[in-house]
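Descriptive analysis of the structure
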Amino acid sequence: MPEASLLDFSVFNPRRLDEALSLLAEEENVVPLAGGTDLMVTLETGNLSPCRFLNLMGIAEFQEPFSWCDGKLRMSPLCSYRDTRIDKDVATRYPLLVRAAREVGVLAIQSRGTWAGNIVNASPAADGVPVLMVYDAEVELRSTSGTRTVPLCDFYRGYKEMDRASDELVTGIILPPPPEDRIEYFRKVAPRRLQAITKVLLTGYLLRSDDRIEDCRIVLGSVAPFTLRARETESILRGSVLDSETIKAARAALQGEISPIDDIRSTAMYRRNVAERLLDEFLLSASPESH
Amino acid sequence: MTEPLDRMTLTLTVNGRTIKVAVHPMARLLDILREEIGLTGTKEGCGEGECGACTVLMNGVPVLACLTPACQVDGAEVVTVEGLAKETLHPIQQAFLEEGGAQCGICTPGMLISAFYYLEHPECAENLREALAGNQCRCTGYTKIFSSVRKAAERLGKTIPEV
Amino acid sequence: MNTKETLEPVESEEAPPIIGENLPRPEGIRKVCGTALYADDLKFDSCLFGRTVRSPAPRGRVRHIAFGEGIPWDEFVIVLPDDIPGENAVTLIEKSQPFLATSVRHIGEPVALIAHHDRALLNKALKAITVEIDEEPAIFSIEEALEGKEIQYGRDNIFKEYRITRGKLEEAFSEADHVLEGVYETGAQEQLYIEPQGVIARADPKGEVTIWGSIQCPFYVQKALAPLFALSPEKVRVIQTETGGGFGGKEEYPNLLSGHAALLSYRAGGAVVRMIYDRREDLFVTPKRHPSRTRIKSAFRKDGTFLGLEVDFVLDGGAYPTLSSTVLSRGILHSFGPYRIPHADLRARVVFTNSTPYGAFRGFGAPQSIFALELHLDRVAHELGLDPAELRRRNFVKKGDTFPTGQVIKEEIDLALLMDTALKKADYARKRKAYEEENRKNPRVKRGISLSVFFHGSGFTGSGEVMLGSKAAVRLLKDGSVEVLSANVEFGQGTNAMFTQITAAILGIPPEWVRIHQPDTAVVPNSGPTVASRTTMIVGRLVERAARRLRERVLEEGGLSQGYTGEEFRETAKRLAAREEFREEAQYVPPPDVHWDEQRYQGEAYSGYSWSCDVADVEVDMTTFQAEVKHFVSVVECGTVVNPIIAAGQIEGGIAQSIGYALYEDVHTERGVMVNNQYTNYIIPTTADIPSIEVSFIRFPLCNYGPFAAKGIGELPADGPAPAVAAAVAHALGYRYINKIPLLPERIAAVVLEEEETAA
């Protein structure tokens, strides 16, 4: 029996994007609804304040999950984890998307959950956001007054705080092509193998020429108020020789950047230790000796 | 300006039967099936998308009926456990019966739907363990569920990877 | 009942072929088609939904219940403690908690009930109610309870205490080459049946109460509700609906829940009231496995001979006595394991705390005490430089040996054979050596393998079965089929198939002609609760005896001759059933030479034991500190196996639950209540986490009191896996002191990192 009283909720069912944007601009208290894998839970547990949902599922412009433009991938706000898993092109060009998608819940969640929903749900434990950040994703936001894009790694400002105005809708996620020959890493640490909320996640890539690190991305989940791009750790690594000294320095830098907490799912101590060990595992796997 | 809806009439096809219901647009597909249509085979174990007892196929794809709002099922085609048997039991049902895949039976409807989907689309997951990870069972320890699905796969002439 | 009747042991009787066949469960067809009806699936023309108003404080007097503004309260049915027509206490072993409290002892304790036909409004109303409590200091741990601050029960916060002694323990310690002490702790565990608790009630104010629900023990509910409404028991009718798992969790809680639903119905003038918990409420308020703390001190000779055992076994009982005394009893009666121990002093206590009352969960105290002993033995073996299997081998009980309870083993048991079968299947000896080698070289992954050997007694403890005096019946139906009448429910474990096979075997008819009547107190005799691994061995024997009597009568009155065909039986049965009610009953009689001294806790604690050896093969990822079971072997001796697929399924399910107990399942409490009470946050293993599980059965020479020499297995698999897994983790980690489950990665990290720090 759901906890919530549905009497407090209603739904707009727009068919076109402009309709949706006008509703967002003109109506109070409107909450966009995509696959519902987060919102329905919040609703059922009685933790959602009364609102009007803006059902995005019927919007004509959003029906194609992907499009390609100038070598960039554009994901529709309705693009689900399942869509990503079954698209061969996406899997070849952005393998981390597929690895992350596989570990978001299970098949029946992946068929409904969307990448855009994961972005705006803004959970520090988000499983989709980290790999998007690794690929330098940009968030396209649209309102009746115009369109703008924000780099995803600048999108969060605090716990559940985002660079999104109440009349703006995420209308696309844009991914540039990642560099060739990078070495990727993804590891989600959760209380069990699948269908579990992340305790610590580390993902990234590293681009090496001989033993020197040309470029890298390091993104972590569940160790800060929002998905964290570890820029300082990256800057220690960038340009350095990938050796044990560098790894040591990177591990120290990471400790300075993360701020994990104790909660019912894990402890700060554990998260801190494991985050560092994952970084170590990643860097060792990317070392010249491993290849 | 459009008014938000707190009631809507939707048409959906459930196990091949087309049905019209009038419900709140945020009503759960689970409640539509169980209370409006009277198909109580689909179960509620947690109400938060974790246990998998409410797994059904919507437009051919597994979804959790407790997380699926009415406003997103208009026009959809839904298959529940009640739709698996035709003249006779589906091989997956028969195998669960013979191999001990069902014990208390409460996870069985969702489990059967996921197993049915997997046998139709073995490419959807790396293996059976992944395909059924969203359907929690507290009785069997899953071993007999694996043997049930393997038996059904054999009878259907499908090859699935070892678990 | 014929009081002169004696029960003969069943000795290597040739069982008919149907015993040992994999008969598909008779109700299975409804389960795979989705047509089996569980409580929430029942339809009534009109009904109210009920909800419970609960205490926000762990201890204190209810000063006021404020019904907030904006709710049409006059439309609601409201029940307060003063509205209760009879006695405001749940009758179980003793009078336990009130149905509605005026003084509360734990957070979440029910203080009032409300009902309405509109669920949305009902939920809103519940939020508008404030319960004001004059709060008093509370205690939440075994330590606080034993320290005796805030005495809230008796003189010392102890609900119940037992002591079992044998020999002279001081002698063992003075004779010993090796003495080891250890403290072992286990956390609470949630049953997590996938169908939440739920009942539907109709209480006619003129004096008839009917309950439909997800219930393990229909007659317990009857016993609890009769005094609540000041009715005689037969006025309370309890009907079990298809039950989606129980594992002990639906043994006692349905008493309280049925009382609540019935009280609302009574107040509503007899309207049907549904109370189906959602998962969060279920996790928040229902009883879980008792947390435990066991101190062990052992005495051994250096050759591994077990000389003496001291056990101090303590359970956290929570805020009310409920079933804790019997959980404690089974715990201490399994605390010494299948070993020859000349000197023992075993002490058991269950204490009061202001926590949600703990209750029955598969194993019933035994998993906790066996965890402590088996893990302790692993440490002893390590310190003595013996293989843990070898240490056990040197001390196994054999026929003629005596348990610390004075019970003499009468069966021809061969535990070395049992263990060796398991070790061989698990490739134990090779792996143990290989892992130790590998672990020295590989800092990233550590592997370990270890074992446990254990037993579980079938049926109620001591004189429990005599006091129950259970009855089961078999009758002919008009179509010539035969119906089994018992109060023992099918909740996944295979009761229906087992009764069907036994009945078909005795009567020589096809299993399709056997029906099982759904447990309904108005129709079935009281064959006792569906608990304590008793259904096969105890109730199965009653069904067998009733079926034998029925057969005798059919032969005699129907003029059938020995060697009849099934078809002839059926025709005769039709004829006989058309004439009159044709029904035979059997009542429990104790086996001869079974005595139990409740005062000294000495004697035959159980008339039959099942035996088992588990081997767990684990891996610990040193990057994430996650332990995983990679392979699991269990060899079981439970006499005759009535239905191998169902029996193996039971064992496999118990193993999966127990792997959860050992590694994943953490009931996180604050101020005595579960705060991770969401399905998302209570982690049980899924298909992706469970190892390959290999279960097999062996048979010792048969001689016991079960039907066709079958014994119980329901709880057995809850006992052994956790210590085997924990010992394997300890082995993987080079024998660091592992003494507490669940072994969450956070706990393993703490152990490993502490050691790393000390080393640095």
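Procedures and definitions
- Residues numbered from 1 in each chain as written.
- Chains lettered and ligands numbered in written order.
- Predicted model: local features only at pLDDT ≥ 70, side-chain atom pairs only at ≥ 80, totals over all residues.
- Heavy atoms only, no water.
- Contact = heavy atoms within 4.5 Å.
- Buried area = accessible area lost by both parts, 1.4 Å probe.
- Salt bridge = Lys/Arg side-chain N within 4 Å of Asp/Glu carboxyl O.
- Polar contact = N/O pair within 3.5 Å; in protein donor to acceptor, adjacent residues only side chain to side chain.
- Nonpolar A, V, L, I, M, F, W, Y, C, P; charged D, E, K, R; others polar.
- Pairing = 2+ DSSP bridges.
- Helix = DSSP H or I, 4+ residues; strand = E, 2+ residues; numbered from the N terminus.
- Axes fitted to C-alpha atoms, helices over the stretch in contact; angles between N-to-C directions.
- Expected span 1.5 Å × (residues − 1).
- Buried < 20%, exposed > 50% of the residue type's maximum accessible area, 1.4 Å probe, protein only.
- Arc of directions from axis to C-beta.
- Domains from an automatic or database assignment.
- Phe/Tyr/Trp six-rings, centres within 6.5 Å; stacked < 30°, edge-to-face > 60°.
- Lys NZ or Arg CZ within 6 Å of the ring centre and 35° of its normal.
- Core = buried A, V, L, I, M, F, W, Y, C linked by side-chain atoms within 4.5 Å.

To continue, consider the interface of chain B and chain A. Taken residue by residue, the interface counts 38 residues in chain B and 37 residues in chain A. Summed over the three residues of chain B that lose the most area to chain A, namely Met26(B), Leu67(B) and Gln72(B), the buried surface amounts to 21% of that side. Our count for the contact surface shared by chain B and chain A stands at five salt bridges. Of the charged contacts, one joins Arg85(A) and Glu130(B) as a salt bridge, the two residues approaching to 2.8 Å between their closest N and O atoms. The interface formed by chain B and chain A contains 15 residue pairs in polar contact (both at pLDDT 80 or more). Across the side of chain B that touches chain A, the residue classes break down as 21 nonpolar, eight polar and nine charged.

All names here are of chain A. Judged by pairing direction, the sheet is antiparallel, and its four strands sit side by side in the order β11-β12-β13-β14 without closing on themselves. Two strands in the sheet have a free side with no partner beyond their single neighbour: β11 (183-189) and β14 (228-229). In this structure, β11 lies alongside strand β12 (residues 200-209), joined through seven bridges in antiparallel fashion. Each residue of the ladder has a partner; that of Tyr185, found in β12, is Gly204. On top of the sheet, helix α5 (residues 95-102) reaches β11 and β12; it is set at about 10 degrees to β11, its chief contact.

Residue and element names in this part refer to chain C. Its 14 residues give helix α12 (residues 428-441) an end-to-end C-alpha distance of 20 Å, which sits within 8% of 20 Å, the value for a rise of 1.5 Å per residue. Within the sequence span of α12, burial applies to Tyr428, Lys431, Arg432, Tyr435 and Asn439. Seen end-on, α12 carries its buried residues on one side only, within an arc spanning 100 degrees. Residues of α12 that are exposed and point more than 90 degrees away from the buried face comprise Ala429, Arg430, Lys433, Arg440 and Lys441.

To continue, consider the domain arrangement of chain B. Frequently, the measure chosen for interface size is the accessible area that the parts lose on association. Residues and elements named next belong to chain B. When cut into domains, chain B gives domain 1 (8-82) and domain 2 (91-156). Computed from C-alpha coordinates alone, the two centres of domain 1 and domain 2 are separated by 21 Å. Between domain 1 and domain 2, the buried area comes to about 1000 Å², and carbon and sulfur atoms account for 66% of it. Three residues stand out in domain 1 for area buried against domain 2, namely Thr55, Leu57 and Val81, and they jointly supply 39% of the buried area on that side. Across the domain 1-domain 2 interface, the total number found is four residue pairs in polar contact (both at pLDDT 80 or more). Contributions of two or more residues to the side of domain 1 that touches domain 2 are made by β3 (55-58) and β4 (61-64). When residues in the side of domain 1 that touches domain 2 are grouped by element, the largest group, three residues, is from β3.

Contacts between chain B and chain C engage 40 residues on the former and 55 residues on the latter. The junction of chain B with chain C conceals about 3800 Å² of combined surface from both sides, 54% of it contributed by carbon and sulfur atoms. Sorting the residues of chain B by area buried against chain C places Leu97(B), Gln103(B) and Arg138(B) first, and these three jointly supply 21% of that buried surface. At the junction of chain B and chain C, the tally comes to seven salt bridges. One salt bridge in this structure joins Asp40(C) and Arg34(B), with 3.4 Å as the shortest N-O distance.

Residue and element names in this part refer to chain C. In total, this model carries 29 aromatic pairs over all chains according to the counting rule given. Consider the rings of Tyr253 and Tyr277, whose centres lie 6.0 Å apart with planes at 55 degrees: the pair is tilted. Placement of the pair is Tyr253 in helix α6 (residues 253-267) and Tyr277 in the loop between β13 (273-276) and α7 (279-285), with a sequence separation of 24 residues. A network of ring pairs unites the aromatic residues Phe336, Phe403, Phe455, Tyr606, Tyr609 and Trp611 as a single cluster. For Lys250, the ring lying beneath its charged end belongs to Tyr193, and the centroid distance is 4.4 Å. Directly above the aromatic system of Tyr661 lies the positively charged group of Arg289, at a separation of 5.0 Å from the ring centroid.

Before going further, it helps to spend a moment on the nonpolar core. With 210 residues, the main nonpolar core has Val149(B), Trp611(C), Val615(C), Val725(C) and Val729(C) as its most contacted residues. With near-sequence residues (within four places) excluded, Val725(C) lies in contact with Ala616(C), Val618(C), Val629(C), Phe632(C), Ile659(C), Ala662(C) and Leu663(C). Among the nonpolar cores identified, the runner-up in size contains 79 residues, and Val41(A), Val23(B), Ala27(B) and Cys54(B) belong to it.

This part is about the domain arrangement of chain A. Residues and elements named next belong to chain A. Domain assignment breaks chain A into domain 1 (6-55), domain 2 (60-175) and domain 3 (183-290). Every contact between the two is made by 28 residues of domain 2 and, on the other side, 24 residues of domain 3. Contact with domain 3 buries area across many residues of domain 2, yet Glu103, Pro124 and Val134 alone supply 25% of it, more than any other trio. Joining domain 2 to domain 3, the criterion identifies three salt bridges. In this structure, Asp127 engages Lys188 in a salt bridge whose closest nitrogen and oxygen atoms are separated by 2.7 Å. One can count nine residue pairs in polar contact (both at pLDDT 80 or more) joining domain 2 with domain 3.

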